[in-house]
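Structural description and commentary
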Amino acid sequence: MTAQTNIPAVKLVGITKRFPGVIANDHINFEVQPGEIHALLGENGAGKSTLMSILVGLYRPDEGEIFLRGQKTILRGPADAIAQGVGLVYQHFKLVPNQTVAENVALGMRKPRFVLNLRQVEQDLKKLGEKHKLPVNPHAVVGTLSVGEQQRAEILRVLYLGATILALDEPTANLTPLETAGLFEALRRLAADGYAIIFISHKLEEVVSLAQRATILRGGKAVATLNLKGDPGEKEQIARLMIGREADSLSKIELGLLDEAEATSQNRQTQPSPYPSSSASASISGPTLQVVNLSVRGDKRSSSITKVTFEVRPGEIVGLVGVAGNGQRELAEALAGLHPVESGSIKLGETELTGKNPRQLNQLGVAFVPEDRLGLGLAAGLNLEDNFILRDYWRKEQSFGPFIRREVAGQGLAKAIKQYSIAVGDPYAPARLLSGGNLQKLLLARELATRPKLIIVANPTRGLDVGASAYVHSKLREAQGQGAAIFLIVEDLDEALLLSDRLLVIYEGQITGEVPPLRNPQNLEHIGLLMAGAGRSIV
Amino acid sequence: MSLKERLENELEIQKAVNSPRLKRQFDPFGLAIGIAAPLIAILIALLLTGLILLISGKDIFLIFGEMFRSAYIDNFAETIVKAIPLTLTGLAVAVAFRARLWNIGAEGQFYAGVLCATGLALAFPGWPALLIVPAMLAAAMLGGALWAFVPAILRATLEVNEIISSLMLNYVALLLTDYFIFGPWRDPKGFNFPVTATFSDAARLPIVIEDTRIHLGLIFALVAILIIWLVLGRTQWGFELKVMGENLNTARYAGIKVTRNIVIAFVLSGALAGLAGMSEVTGVAGRLQQGISPGYGYTAIIIAWLARLNPWAIGLVAVLFGGLVSSGFTMQRIGVSSGLVTFLQGTILFCVLAGESLSRRLLYLRALQRHS
């Protein structure tokens with residue numbers, strides 16, 4: 001126990017929350033001291049989000065007690081929680097994009113009830129920002145701010161509303177390395193001022209560098225609370241606790257444990273890889289995908305792509321990194337035929353792809369595994385069979401005149417379920433009942449079934465646990481080994497470094513540079529600058 | 001690879017290909033809920049209606065008893081007559097609903113069909129049945145389709161909300177009908193009543209069951225059920241509509257021509273409603289008069305919903321609601337406002353919608369439990 005005070009800022013005792021068929025939180029004990037940065041770790045589905053939702057009053061626990069600053073409390077809702085000084089900064093910010101920072105803050109105010117003195121709020125925010133070194137312009141419209149600025153605004157908002165207990169849900173997921181460093185500095189300062197900070201993450205490196213203690217959740221239980229001293233082997237210990245077994249080499253890579261060794265050797269190629277190596281034969285033939293001066297006009301809600309040029313060769317994984325919302329989605333959708341192209345050319349081998357519809361592209365050998373699994377790649381309400389035949393229900397082999405041959409579809413699905421070991425109760429139940437990992441497997445099974453020449457993948461492991469992530473990566477590697485060209489669009493820099501043969505950086509719809517996927521500090525700093533729009537001269 | 005390995009590999013593939021078809025899990029609970037929910041909804045609606053009757057001091061057992069006897073025993077043939085347009089309009093909205101297109105305009109499309117059929121019947125009184133009936137059929141379906149084409153094309157190209165546009169067109173169709181029967185089509189021998197002249201015998205659908213008013217429209221309805229069932233449930237196009245109904249973005253991703261399908265689904269929907277109008281005006285009335293539809297196009301929405309878009313179930317539910325419509329006259333005879341029937345219908349819709357989301361939630365929670 002760290003010895004600052006005897007009264008913890010937050011103390012959760014025996015918190016239990018059940019959902020139909022799952023115990024999301026199983027008698028969890030958790031406490032945070034004032035002035036402490038306490039990390040909350042666990043895989044997806046371990047119960048982190050549920051615990052935080054209980055802490056901010058979104059859920060009521062079925063059992064257990066909440067003490068805030070030694071006082072037993074019942075939180076009746078988010079407004080109640082903020083009134084008692086608990087603030088949560090979400091991973092996907094809950095700010096209204098077409099209002100200013102000050103207006104957003106005023107939205108959360110309960111008093112005074114009817115009078116709004118926006119100027120006062122603006123002045124206060126400015127002062128508060130200066131005090132905590134969280135600079136944000138209160139007059140700025142939120143939608144025009146960068147992700148880092150929005151996050152600062154969000155933190156300021158909860159501070160202004162009186163939070164002394166601050167929980168941050170995966171705060172670094174969308175930040176550039178530079179912004180991450182800035183955030184950490186601000187958090188350390190807040191802790192020094194006596195705020196209690198709960199830092200939710202699954203990035204071990206960040207956790208050990210920032211937090212004093214870490215509580216690890218697994219399967220709804222708090223398996224351990226560790227004092228972090230910076231010992232070597234600490235990360236391995238946490239990893240073991242998180243996944244409940246000795247991390248094998250694949251899991252270690254997923255957790256970012258193996259990459260360090262690679263970084264010290266500075267040379268990725270000579271490092272033995274657990275994946276079959278494949279890119280050797282790649283450079284001989286011409287590129288699979290050749291994009292030249294591609295421009296895509298975004299609409300009100302999306303960004304534009306301006307004059308983007310790159311290529312992906314067979315057997316090569318090219319990663320595209322950047323802060324979310326810089327045109328990644330539009331680029332992916334343009335390549336998949338879902339977004340109209342303004343100018344420029346997209347070539348698959350010798351075939352021009354612009355102007356073709358998604359089905360024609362798919363027939364030519366373009367697979368698309370979108371980030372939004374249930375909203376684009378699959379339909380939540382359709383059963384697995386319907387989802388499985390989405391791409392080729394219209395083919396001759398699948399049909400008898402205008403009728404769909406269901407027995408063929410069922411056989412295909414049975415094969416895919418076996419091949420990809422998709423855990424499924426009833427294949428004729430709606431897809432929304434499947435876990436993220438199984439959905440991704442189903443999506444991959446369908447998209448990879450036809451041995452595509454080009455695979456466009458966006459954030460393929462978002463929301464997946466370590467095991468499923470490793471599986472997805474191995475499938476992509478397998479496709480790469482079979483000669484597919486893979487264009488990988490990711491926000492998680494670690495994942496990009498792990499998989500890619502080359503890295504492209506995107507900023508405001510333009511590719512600002514190409515870098516090797518190396519983990520050394522200079523390279524990371526370089527990537528960070530490119531992601532933030534600096535150093536455009538490289539290309 | 002050695003020969004043995006190759007053979008084993010081949011066997012493995014064969015096994016995978018021949019692996020037994022995935023079994024649909026039989027879920028008695030789900031089935032029970034699926035059947036029970038609408039029944040309970042109807043029961044609650046009856047209770048609520050009964051409550052109103054009780055408050056106004058009526059004998060509810062007498063009234064409901066009379067209603068039931070009149071609808072399903074004494075005048076069952078009349079119930080079937082009413083079920084014909086209800087089935088056809090019910091199928092009409094179901095086609096659109098399948099793609100989550102809200103065709104609230106079946107009433108207007110029904111009237112468009114009525115107008116087209118009437119126009120032909122009045123213009124060519126000398127044509128034989130073999131000529132005039134197919135002509136009216138085609139014209140009515142075309143008319144309904146055209147009426148539906150307006151909201152369809154607006155929705156598909158400009159994303160105009162089809163609920164509003166299709167609903168508004170109902171009034172246009174209704175008023176257009178009034179114009180014709182008060183104006184150019186008014187029967188000169190009709191003592192100034194707003195009715196058209198009676199159609200020629202050739203232009204009237206033949207009765208298919210003697211001593212009743214059940215006409216050829218019954219066959220239209222049964223054939224339509226069969227066709228729509230095949231189209232929605234078995235064909236590629238039906239599958240496309242289903243995907244569109246679930247998620248338009250996924251539909252685009254799958255290469256489905258969304259814009260085209262919106263228009264086709266809507267137009268097919270309108271054609272069915274137009275057919276309903278033709279069958280009603282030529283099969284029952286034999287002339288066009290005011291209020292030829294007691295709101296078939298609106299009741300159709302309740303029917304399609306209650307039947308969960310299943311064409312066969314639509315036929316059944318249409319008979320149920322046909323009874324409600326046909327018993328309205330009996331109600332008046334025993335001194336209850338025929339508005340009671342409309343009230344009952346509305347209450348049923350409310351209860352069904354509530355039951356629908358409740359049972360969906362129940363099934364979802366249960367499925368969650370079974371899967372984890």
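None of these values were measured; they are calculated from a predicted model.

Bringing the overall build of chain A into the picture now. Within chain A, the regular secondary structure consists of 19 helices and 22 strands. Expressed as a percentage of contacts within chain A between residues at least 6 apart in sequence, the contacts between residues at least 24 apart total 69%.

This paragraph deals with the overall build of chain B. Of regular secondary structure, chain B possesses 14 helices and zero strands. In sequence order, the secondary structure elements of chain B are arranged as α-α-α-α-α-α-α-α-α-α-α-α-α-α. With the C-alpha coordinates of chain B rotated into their principal frame, the extents come out at 95 × 55 × 45 Å. Buried residues in chain B amount to 45% of all 372 residues. Long-range pairs, those at least 24 residues apart, make up 76% of the contacts in chain B with a sequence separation of at least 6.

All names here are of chain A. Read from one edge to the other, the open sheet built from six strands follows the order β16-β19-β20-β13-β21-β22, with strand pairing classed as mixed. At either end of the open sheet lies a strand with only one pairing partner, and these are β16 (366-369) and β22 (510-515). Averaged over all adjacent pairs, the angle separating strand axes in this sheet is 20°, with direction ignored. Where strand β19 (residues 454-458) and strand β20 (residues 485-490) come together, five bridges link them in parallel fashion. Its bridge partner lying in β20, Leu-454 is registered against Ala-485.

Let us look at helix α9 (residues 236-246) of chain B. Counting buried positions over the eleven residues of α9 of chain B gives nine, a clear majority of the element. Listed in full, the buried residues belonging to α9 of chain B are Gly-238, Phe-239, Glu-240, Leu-241, Lys-242, Val-243, Met-244, Gly-245 and Glu-246 of chain B.

Bringing unusual backbone geometry into the picture now. Positive phi outside glycine occurs at Arg-69 of chain A, with the angle close to 50°. Assignment of secondary structure puts Arg-69 of chain A in the loop between β4 (63-68) and β5 (71-73). Positive phi, close to 55°, is recorded for Glu-159 of chain B, a residue that is not glycine. Note on placement: Glu-159 of chain B falls in the loop between α6 (129-158) and α7 (162-182). Residue Glu-159 of chain B is classed as exposed on the basis of its C-beta count, with 8 C-beta atoms lying within 10 Å.

Residues and elements named next belong to chain A. When strand β3 (residues 37-41) meets strand β9 (residues 213-218), the two strands line up parallel, connected through four bridges. Each residue of the ladder has a partner; that of Leu-41, found in β9, is Ile-216. Across six bridges, the pairing between β9 and strand β10 (residues 221-227) is antiparallel. Pairing of Leu-217 across the sheet is with Ala-222, part of β10. Counting the residues that bridge the hairpin from β9 to β10 gives two residues, and of these Gly-219 lies at a positive phi of roughly 55°.

This part covers the sheet that holds strand β11 (residues 289-296) of chain A. Residues and elements named next belong to chain A. Spatially, β12-β11-β14-β15 is the arrangement adopted by the four strands of the open sheet, whose pairing is antiparallel. Single-partner strands in this sheet number two, and they are β12 (305-312) and β15 (351-352). Here strand β14 (residues 343-348) runs beside β15; their pairing, made up of two bridges, is antiparallel. If you follow Lys-347 over to β15, its bridge partner there is Glu-352.

Helix length check: helix α2 (residues 28-55) of chain B, at 28 residues, gives a terminal C-alpha distance of 40 Å against a target of 40 Å (1.5 Å per residue), a fit within 8%. The principal kink in α2 of chain B, of about 30°, is found at Ala-36 of chain B, preceding the proline Pro-38 of chain B by one to four residues.

In this section: the environment of Phe-26 of chain B. All names here are of chain B. On the secondary structure map, Phe-26 appears in the loop between α1 (3-17) and α2. For Phe-26, a count of 8 C-beta atoms within 10 Å translates into the label exposed. Measuring from C-alpha to C-alpha, the distance between Phe-26 and Gly-126 comes to 58 Å, with 100 residues separating the pair along the chain.

The predicted model of chain A has a mean per-residue pLDDT of 84, with 89% of residues at 70 or higher. In the predicted structure, residues 260-283 of chain A sits below a pLDDT of 50 and forms 29 contacts with residues beyond four places in sequence or in another chain.

The next thing to look at is the packing of helix α4 (residues 76-98) of chain B against helix α12 (residues 296-306) of chain B. All names here are of chain B. Remark: α4 packs on α12, axes separated minimally by 8 Å, with the N-to-C direction vectors making an angle of 65°. For the pair α4 and α12, the crossing hand works out as right-handed. Contact with α4, carried on its side by Pro-85, Leu-86, Thr-89, Gly-90, Ala-92, Val-93, Ala-94 and Phe-97, involves Tyr-296, Gly-297, Thr-299, Ala-300, Ile-301, Ile-303 and Ala-304 of α12 and no other residues of that element. Its residues placed into classes, the contact of α4 with α12 shows eleven nonpolar, four polar and no charged.

With that settled, the discussion passes to the packing of α4 of chain B against helix α8 (residues 217-234) of chain B. Residues and elements named next belong to chain B. As a packed pair, α4 and α8 sit with axes 9 Å apart at the nearest point and diverge in direction by 20°. It follows from the interaxial angle that α4 and α8 lie roughly parallel. In this structure, α4 crosses over α8, and the sense of that crossing is left-handed. Packed against α4, whose contacting residues are Ile-80, Ile-84, Thr-87, Leu-88, Leu-91, Val-95 and Arg-98, the element α8 presents Gly-217, Leu-218, Phe-220, Ala-221, Ala-224, Ile-225, Ile-228 and Leu-232 at the interface.

With that settled, the discussion passes to the environment of Ala-145 of chain B. Residues and elements named next belong to chain B. With respect to the secondary-structure elements, Ala-145 resides in helix α6. The buried category is assigned to Ala-145, around which 24 C-beta atoms lie within 10 Å. Considered as a pair, Ala-145 and Gly-113 are 32 residues apart in the sequence and their alpha carbons are 8.7 Å apart. Other than its neighbours up to four places away in sequence, Ala-145 contacts Val-267, Gly-270, Ala-271 and Gly-274.

All names here are of chain B. When pLDDT is averaged along chain B, the result is 88, and 92% of the positions lie at 70 or above. Taken as a whole, residues 16-20 scores under 50 in pLDDT and shows seven contacts with residues more than four places along the chain or in a different chain. This complex was scored by the predictor with a pTM of 0.80 and an ipTM of 0.84.

Residue and element names in this part refer to chain A. Relative to the helices and strands, Gln-522 resides in helix α19 (residues 521-531). Under the C-beta neighbour-count criterion, Gln-522 is labelled exposed, with 8 such atoms within 10 Å. Taking the C-alpha atoms as reference points, Gln-522 and Leu-187, 335 residues apart in sequence, are found 25 Å from one another.

Definitions and limits used
Throughout this document, residue positions are counted from 1 along each chain, in the order its sequence is written. Chains and ligands are labelled by the order in which they are written, letters from A for the one and numbers from 1 for the other. The predicted nature of this model means local features are confined to residues of pLDDT at least 70 and side-chain atom pairs, given and counted, to a pLDDT of 80 or more, with totals for whole chains, interfaces and linings taken over all residues. Per the convention used, a helix needs a DSSP run of H or I reaching at least four residues, while a strand needs a run of E reaching at least two, with both numbered from the N terminus. By the convention adopted here, residues are in contact when the distance between their C-beta atoms, placed from the backbone, does not exceed 7 Å. To assign burial, the other C-beta atoms lying within 10 Å of each residue's own C-beta are counted, with C-beta atoms placed from the backbone; 20 or more indicates buried, 12 or fewer indicates exposed, and intermediate counts indicate partly exposed. Pairing between two strands is assigned when DSSP locates at least 2 bridges connecting them. Every axis in this analysis is a line fitted to C-alpha atoms, fitted for helices over the stretch in contact. Angles between the N-to-C directions lie between 0 and 180 degrees. Helix span, as expected, comes to 1.5 Å for every residue beyond the first. Two axes are fitted around each residue, one to the seven residues ending there and one to the seven starting there, and the angle between them is reported as the bend at that residue. What pLDDT reports is the predictor's confidence in each residue, on a scale of 0 through 100. For a crossing to be left-handed, the near helix must be turned anticlockwise from the far one by less than a right angle; the clockwise case is right-handed. Under the scheme applied here, ten amino acids are nonpolar (Ala, Val, Leu, Ile, Met, Phe, Trp, Tyr, Cys and Pro), four are charged (Asp, Glu, Lys and Arg), and all others, including Gly, are polar. Should an angle fall under 35 degrees it is called roughly parallel, over 145 degrees roughly antiparallel, and 65 to 115 degrees roughly perpendicular, with every other angle called oblique.

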